[in-house]
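Residue-level structure breakdown
In case you want the letters, here they are:
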Amino acid sequence: MYVNKQRNCYTTEKYENLSDQFEKLFPNESFIGDDMLINNCNMHFNVDEDFSNLFNSLALSPIYQQMKWRLHILDYFLEVALKSDGSYVECGVFRGFKSYFLFKRHKDKINSRNKYLFDTFEGIPKKYSDGSPITNDEHRKRSLHEFIINRFAEFDNTHIIKGAVPDSLENVDVTDVSFLHLDMNSWQAEIGALKYFLPRMCKNSIVILDDFGLFSHREQMNHELPFLRARGYRILELPTGQGIIHI
Ligand SMILES: C[S@@+](CC[C@H](N)C(=O)[O-])C[C@H]1O[C@@H](n2cnc3c(N)ncnc32)[C@H](O)[C@@H]1O
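Scoring rules and cut-offs
- Residues numbered from 1 in each chain as written.
- Predicted model: local features only at pLDDT ≥ 70, side-chain atom pairs only at ≥ 80, totals over all residues.
- Helix = DSSP H or I, 4+ residues; strand = E, 2+ residues; numbered from the N terminus.
- Rg over C-alpha atoms; globule rule 2.2 N^0.38 Å.
- Contact = placed C-beta atoms within 7 Å.
- Near = placed C-beta within 6 Å.
- Nonpolar A, V, L, I, M, F, W, Y, C, P; charged D, E, K, R; others polar.
- Domains from an automatic or database assignment.
- Buried ≥ 20, exposed ≤ 12 C-beta atoms within 10 Å, placed from the backbone.
- Axes fitted to C-alpha atoms, helices over the stretch in contact; angles between N-to-C directions.
- Left-handed = near helix turned anticlockwise from the far one by under 90°.
- Pairing = 2+ DSSP bridges.
- Core = buried A, V, L, I, M, F, W, Y, C linked by C-beta atoms within 7 Å.

1. Details of the overall build of the protein
Scanning the protein from terminus to terminus reveals nine helices and nine strands. Relative to its length of 247 residues, the protein is compact, with a C-alpha radius of gyration of 18 Å against a globular reference of 18 Å. Once the C-alpha set of the protein is aligned to its principal axes, its extents read approximately 55 × 40 × 40 Å. Excluding contacts between residues fewer than 6 apart, the proportion of contacts in the protein whose partners are at least 24 apart in sequence is 73%.

2. Some words on the site of the ligand
As a matter of local geometry, the ligand sits amid 21 residues, with Gly92, Phe94, Lys98, His139 and Ala189 nearest to it. Looking at the shell around the ligand, the elements that each hand over two or more residues are helix H5 (97-105) and strand E4 (115-119). Per-class residue counts for the shell around the ligand are eleven nonpolar, six polar and four charged.

3. Structural notes on the domain arrangement of the protein
Taken domain by domain, the protein holds domain 1 (16-47) and domain 2 (61-246). The centre of domain 1, based on its C-alpha atoms, is set 27 Å off from the matching centre of domain 2. Taken together, the contact pairs five residues of domain 1 with nine residues of domain 2.

4. Observations regarding H5
Lys98, Ser99, Phe101, Leu102, Phe103 and Arg105 are the residues of H5 that are buried. In this structure, the buried side of H5 is in contact with helix H2 (49-58), helix H4 (68-81), strand E3 (87-91), helix H6 (107-110) and E4.

5. What to know about unusual backbone geometry
Across the junction of Val165 and Pro166, the peptide omega takes the value 10 degrees, indicating a cis bond. Here Pro166 is to be found in the loop between strand E5 (158-162) and strand E6 (177-182). One non-glycine residue, Asn40, lies in positive phi territory at about 65 degrees. On the secondary structure map, Asn40 appears in the loop between strand E2 (36-38) and H2. Of note, Met43 is a non-glycine position whose phi angle comes to about 50 degrees, a positive value. If you trace the backbone, Met43 turns up in the loop between E2 and H2.

6. A word on the packing of H2 against H5
Remark: H2 packs on H5, axes separated minimally by 11 Å, with the N-to-C direction vectors making an angle of 145 degrees. H2 and H5 meet at a crossing whose hand is right-handed. Here Leu54, Phe55 and Leu58 of H2 come into contact with H5, specifically with Phe97, Tyr100, Phe101, Lys104 and Arg105. For the contact of H2 with H5, the per-class residue count stands at six nonpolar, no polar and two charged.

7. Remarks on the sheet that holds strand E8 (residues 236-237)
Strands sit in the order E5-E4-E3-E6-E7-E9-E8 across an open sheet of seven strands; the sheet is mixed. Looking at strand neighbours, the two that pair on one side only are E5 and E8, the edges of this open sheet.

8. Some details on the nonpolar core
Inside soluble globular proteins, nonpolar side chains tend to come together where they are buried. Of all hydrophobic cores here, the largest spans 44 residues; its most connected members are Val89, Val165, Phe179 and Leu180. Excluding its chain neighbours within four sequence positions, the residues that come into contact with Val165 are Cys91, Phe118, Met184, Ala189, Gly192 and Ala193.

Shown next, in the form of structure tokens:
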């Protein structure tokens with residue numbers, strides 16, 4: 001069992017005790033992870049062998065192992081997005097866990113598409129961190145940029161853009177996006193990215209805001225919800241914390 005101390009930073013102790021009891025009560029039908037205690041679910045993705053085998057081969061530590069439901073959501077919506085021609089974009093890549101999983105899983109269809117991976121590779125910039133529960137050193141790891149270049153070298157048409165979003169968007173021209181994943185833990189950066197990408201999304205494309213629904217990251221929702229509503233978008237909030245927008 002794993003309790004994500006970083007994300008659920010306000011209720012960790014209670015949650016930890018509760019998860020212990022929960023697991024004992026419902027050992028076969030419950031999901032414990034990503035701050036969720038869920039009971040009485042089939043979780044068909046657990047018996048999808050291709051999905052599970054790939055997930056298990058990549059999720060090598062508890063922090064990743066507890067993200068299985070989140071990856072199921074990403075996997076489903078990427079498949080939807082791949083029905084439209086268009087590029088893949090992720091802002092907030094870190095070690096590339098989610099994108100690498102998705103690229104492996106959908107290699108046949110996604111390899112020929114343009115794929116853009118944006119990150120400072122030096123953690124959240126100070127100027128965009130007000131209201132975020134994440135500190136700059138949290139994602140500041142040595143040689144992260146080189147690690148990502150090597151990790152994604154097996155895929156064609158992958159563009160790795162180092163720099164702070166939205167500033168780094170001034171130097172690129174990305175059009176026809178069918179899948180946009182925003183995972184920067186910074187409402188300032190994500191609103192900047194939305195301003196740039198929303199007019200560049202294809203019809204029937206998908207935007208996923210990784211932390212939109214998390215209470216611990218609620219400054220993101222406080223800013224992103226009015227921004228999106230003012231432009232006529234509705235957001236599907238999921239218990240994984242993800243917010244989904246179908247364009
Ligand atoms: C939660 S991690 C991303 C996790 C990643 N999607 C995965 O699959 O594991 C957040 C990342 O966002 C990056 N980041 C934060 N603010 C940023 C900004 N303004 N511009 C670019 N990258 C940023 C950090 O450097 C960090 O690597």
